[in-house]
Structures are given as C-alpha cells and as structure tokens.
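What the coordinates show
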Amino acid sequence: MTLVARMLLRRLLILIPLVLGVVAFVFIVMRFSSSKPEYAYFQGANPTPEQIHQFQLENGLLDPLPLRYVRFVADLAQGDMGTSVLTKKPVIESVTTALPLTLQLTFLGLAVAVVLSLVFGVTAALFRDRWPDQVIRVVSLIGVAAPAFWLALLMIQWLAVGEGLFPTGGYINPADSMAGWLQSMTLPALSLSLPIAAQLTRIIRTSMVEELDRDYVRTAIGSGLPMIVVVGRNVLRNALINPLTVLGLRIGYLIGGTVVIETIYGLPGMGQLMINAVRDGDPAVVQGVVLTIAIGFMVVNLVVDVLYLLVNPRLRSAT
C-alpha cells in the first residue's frame, strides 16, 4: 500500500470519531438550550401542564439522556433528523430543499475566490516589487480587512440600487432561467468570495516568490525554457501546496458565511432556514442544519486533503 493510500485511509478512519463527536456535541448543546420542542409545539397557545407532560411522554423527552442519544444516532443512521414541531414535516425535507442553494452559493464563491486569487497572486509574483505587485498587495490587504456583510451591503447599494445591474435579493432557479440564476447569485458569490480571494492572493504570491527564487527555476530558464512553461509546469504546481492547506480552513468560513449572506440577500438556503428556525424556536431544524453544515465541512476538508496529497509530488511518488 502506498503512502498516499495509507494517509487517505487514516483520514477516513479519523473522520468517523469526528462525526460521532460532532453529533454528540450538537445533541448535548441542543438538549440544554432554551429552545424546547414542547414549548415550540404549543407556540401561540396556553397548554396545561398535563398537555406538556403528555407531549413529552409521546416524544420520549422524559427518557434518560443516554437512551435519547442512542435513539438519535440510530435515527440519523437511517437518514432521520427528526420532525419539525412547527411544520410537522421531516427535517430532512427542509434540509434537502435548502441545501442545493447553499451548495451553489458556496461552490460558486469558492470558484470565484480561486480564480481571482490565482490570477492576482501569480501576477503579483511575476511582477514582484513593481507597480502591479504593489497595487495587488494594497487591494488584497483591503480585501482581507473588509467583512463579507459590509461588502454585501456596499454592493447592493452600488450595483443593485445605484446602477440597477443586479437584483437586490431573491433567488431564481437555474432550471427556470440560467441567466436569471447567474444574475441573482453574482452579488452573493462576490460578497462571500472576495475576502477569501484577498487572503489566498497574498499566500499564493508568497509561495510563488519562494518558488521563483529556487535554483531549478534559474536552471530551467537558463537552459532556454520559456518562462510561461516553467511557471505553468513546475512553479505554480509546487506553489499551490501551502495555499491548498489554507483553502481547507477557509472553506469553513465560506460555509459559515452563507448564513449571513443568505439573510442579507433573502436567499432560501441553509442559513436562512437556520435563522428562521432559531427565531421560531424550532430546535429539531436548528439541530439538523448545524449537523449538516458541520459534517459537510469535515467532508470538504477531506477532499482538500486528497487534493493536497495529489499535488504534493513527494507524497505522490512515495511508496
């Protein structure tokens, strides 16, 4: 078994206790939160103590905590996240309805961040200490300091309200209109991705500068290879190892940032679903959304680890 295969197997084995730990943490936190399903169920009414007690008995809320946890894990293993006490619908239905939009926003923001950071990071490194590098470094520094919600409000005021180029909010399904979908997702994706792009630009520039100063680059250029070939074939690939590690951590920011961005732009995704559930006191939905986001974050980081192993030539060639 190669070193890469062993490392992948190790990460998969580590993922199992991590998932169980996250499930246990979310379960315990929700059990001790102020949002109780029995009160959310009778919201707007004046239930008697007998009615509340009967609801608790029917839903197993008076069972010992370990028994409730085992039952919760068993239900999760079968794809059952519980039932919303307000809508009386399975939580999994709400999650599967909202999740596609959040995935679209996250991966569109990720794609924008990667493309922008590659273009500007490589450009800054190739024009080191000249005016393009200076401009990109200043702009990226501003981008790192700018929070996503402030950028969202600024772009709504400027590009949506002022210029009328984009809608101020709302969502159009790509099945209905691809152009409308792209227009409705452009500002949210930019708001989400620009701070990440600014951070990655600085990291890519630093990694590229370090690689460009290595002996093999001078040897390759001295032997007559075009600069674009050396950069594209060797320098860029080697320089992406460190940014990939940082990207795995920043994806968590992207996933968490969707909560704020979806609220600002009125997008019916996971963030909006969780905000509404917290406001309405629906703990089952909050629990389902938090678990989905947390497990998704761990899976995405596993994918980033795989990419890291594939990009790193030393690990790829090890046996």
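All residue numbers refer to positions counted from 1 along the written sequence of the respective chain. Since the coordinates come from a predicted model, pLDDT governs what is reported: local features require at least 70, and pairs of side-chain atoms require 80 or more to be given and counted, while whole-chain, interface and lining totals use all residues. Side-chain numbers come from the whole structure's heavy atoms, not from hydrogens or water.

Here a Phe, Tyr or Trp ring, Trp counted by its six-membered ring, pairs with any other such ring whose centre lies within 6.5 Å, and the pair is stacked when the planes are under 30 degrees apart, edge-to-face when over 60, and tilted otherwise. Using the criterion set out here, one finds 2 aromatic pairs in the structure. An aromatic cluster is built from F27, Y69 and F72, whose rings are joined through pairwise contacts.

Now for the side chain of E211. The helix count covers DSSP runs of H or I at least four residues long, the strand count covers runs of E at least two residues long, and both are numbered beginning at the N terminus. Tracing the sequence through the fold places E211 in helix α8 (residues 178–212). Residue exposure (1.4 Å probe, protein chains only): buried if accessible area is under 20% of the type maximum, exposed if over 50%, otherwise partly exposed. Given a relative accessible area of 9%, E211 falls into the buried group. Whenever two N or O atoms come within 3.5 Å, that pair is a polar contact, provided that in protein one can donate a hydrogen and the other can accept it, and provided that, for residues adjacent in sequence, both atoms are side-chain atoms. Here Y216 takes part through its side chain, which lies 2.7 Å from a polar atom of the side chain of E211. If near-sequence neighbours (up to four positions away) are discounted, E211 is found in contact with Y216, V217, V235, N238 and A239. Residue contacts follow a heavy-atom distance rule, with two residues in contact if any of their heavy atoms lie within 4.5 Å.

Moving on: the side chain of S117. Note on placement: S117 falls in helix α5 (residues 91–126). For S117, a relative accessible area of 1% translates into the label buried. Separated by 3.0 Å, the side chain of S117 and the backbone oxygen of V114 make a polar contact. Excluding residues within four positions of it along the chain, S117 makes contact with V122, A197, L200, T201 and I204.

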